[in-house]
Amino acid sequence: QNILSRSVEEYETHIKRIERSIESGQVSTILLTSLGELYHELVYLDLITDEEVKRFYLEKSIQVVLRALDFDPRNSAIRNQLLRLYLKAGETERADICLKELYEAGYPEDLLTPWEIELHYARRDWPRFCERLKEAKTKPLTEQKLDRLMNYWLPHSDECHASSGI
C-alpha cells in the first residue's frame, strides 16, 4: 500500500508540474501529450482503484490529447495515442475513426494491427478479429507483438474456429 501511495504521489507531482506549465502559457504538443500519458498511466497501471476516478483520469487524458491534436492535426503519433485512449475508454466508434485516419495517413500497418485487433475484440466482431489475427501471423513484426494472443485464440477459440469454418 505504501509503495502504491508513493507511486500515485509521484505521478500527481508530475501532473501538477505540467499543469502549472500549461496554465502559465507554456502550451505545447509535448507537454499536452505527456500530461495525457501520465493521466493514462494512472489508469493503465491500476494505480487508481476507484472506477469513477479511473474514468475521470481517462477522460482528462482524452481531453488533453485532443487539445494536442488541435495544435498538430497531422501528427500521427498523437492520433495513435488518442486511438489507444479511446480503446481503453470503450469508445469504439471514435477508435475506429482514429484507426481509419491513421491508415489513410500511411501510419505503419504493423503498429496499427494490434489496435485494430483490439477494436474488433471490443466490438465482439469475431470474424474480423480472427481474420486479422490470422493475417498478423504472416507478418513477422506484428506476429512478435501478438504471439501470446495468437497462441491463445487461434488454436483454442470457438469464435475463431466458427468464423473460419474449421
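Residues numbered from 1 in each chain as written. Predicted model: local features only at pLDDT ≥ 70, side-chain atom pairs only at ≥ 80, totals over all residues. Heavy atoms only, no water.

Brief notes about the overall build of the chain
At step 1: For the chain, the helix and strand inventory stands at 10 helices and 0 strands.
At step 2: Ordered by position from the N terminus, the helices and strands of the chain form the series α-α-α-α-α-α-α-α-α-α.
At step 3: In terms of overall dimensions, the chain has C-alpha extents of about 60 × 40 × 25 Å along its principal axes.
At step 4: Within the chain, buried positions represent 39% of all 166 residues.
At step 5: Of the contacts formed within the chain by residues at least 6 apart in sequence, a portion of 51% connects residues at least 24 apart.
At step 6: Accessible surface, the chain as shown: approximately 9,900 Å² in total, 51% of it carbon and sulfur. (Helix = DSSP H or I, 4+ residues; strand = E, 2+ residues; numbered from the N terminus. Buried < 20%, exposed > 50% of the residue type's maximum accessible area, 1.4 Å probe, protein only. Contact = heavy atoms within 4.5 Å. Areas by Shrake-Rupley, 256 points an atom, 1.4 Å probe, with all protein chains shown as cover.)

Observations concerning the packing of helix 4 (residues 76-89) against helix 6 (residues 109-122)
At step 1: Contact geometry of helix 4 with helix 6 gives a least axis separation of 11 Å together with a crossing angle of 25 degrees. Put simply, helix 4 runs roughly parallel to helix 6. In the crossing of helix 4 with helix 6, the sense of the turn from one axis to the other is left-handed. Where helix 4 abuts helix 6, its residues N80, L83, R84 and L87 lie against L112, W115, E118 and L119.
At step 2: Among the residues forming the contact of helix 4 with helix 6, the class breakdown is 5 nonpolar, 1 polar and 2 charged. (Axes fitted to C-alpha atoms, helices over the stretch in contact; angles between N-to-C directions. Parallel < 35°, antiparallel > 145°, perpendicular 65-115°, else oblique. Left-handed = near helix turned anticlockwise from the far one by under 90°. Nonpolar A, V, L, I, M, F, W, Y, C, P; charged D, E, K, R; others polar.)

Topic: the side chain of E91
At step 1: Structurally, E91 can be placed in the loop between helix 4 and helix 5 (92-104).
At step 2: Setting aside its immediate chain neighbours within four residues, E91 contacts R55, I62 and Y86.

A word on the nonpolar core
The tendency in soluble globular proteins is for nonpolar side chains to be buried as a group.
At step 1: L35, L42, L82 and L83 are the most contacted members of the largest nonpolar core, which totals 34 residues.
At step 2: Of all the secondary-structure elements, those providing two or more residues to this core are helix 1 (2-23), helix 2 (29-44), helix 3 (51-71), helix 4, helix 5 and helix 6.
At step 3: The contact partners of L35, leaving out residues within four places of it in the chain, are I15, I18, E19, I22 and V64.
At step 4: Counting 11 residues, the second-largest nonpolar core is a separate cluster that includes C130, A136, L146 and L154. (Core = buried A, V, L, I, M, F, W, Y, C linked by side-chain atoms within 4.5 Å.)

Quick notes on helix 3
At step 1: In this model, helix 3 (21 residues) spans 31 Å end to end at C-alpha, consistent with the 30 Å of a helix rising 1.5 Å per residue.
At step 2: Where helix 3 is concerned, the buried positions are K54, Y57, L58, S61, I62, V64, V65, A68 and L69.
At step 3: The inward-facing, buried residues of helix 3 contact helix 1, helix 2 and helix 4. (Expected span 1.5 Å × (residues − 1).)

Observations concerning unusual backbone geometry
At step 1: Backbone geometry at D46 places phi at a positive 55 degrees, although glycine is not the residue there.
At step 2: The topology assignment puts D46 in the loop between helix 2 and helix 3.
At step 3: Given a relative accessible area of 46%, D46 falls into the partly exposed group.
At step 4: Look at R124: it is not a glycine, yet its phi comes out positive at around 60 degrees.
At step 5: Within the secondary structure layout, R124 lies in the loop between helix 6 and helix 7 (126-137).

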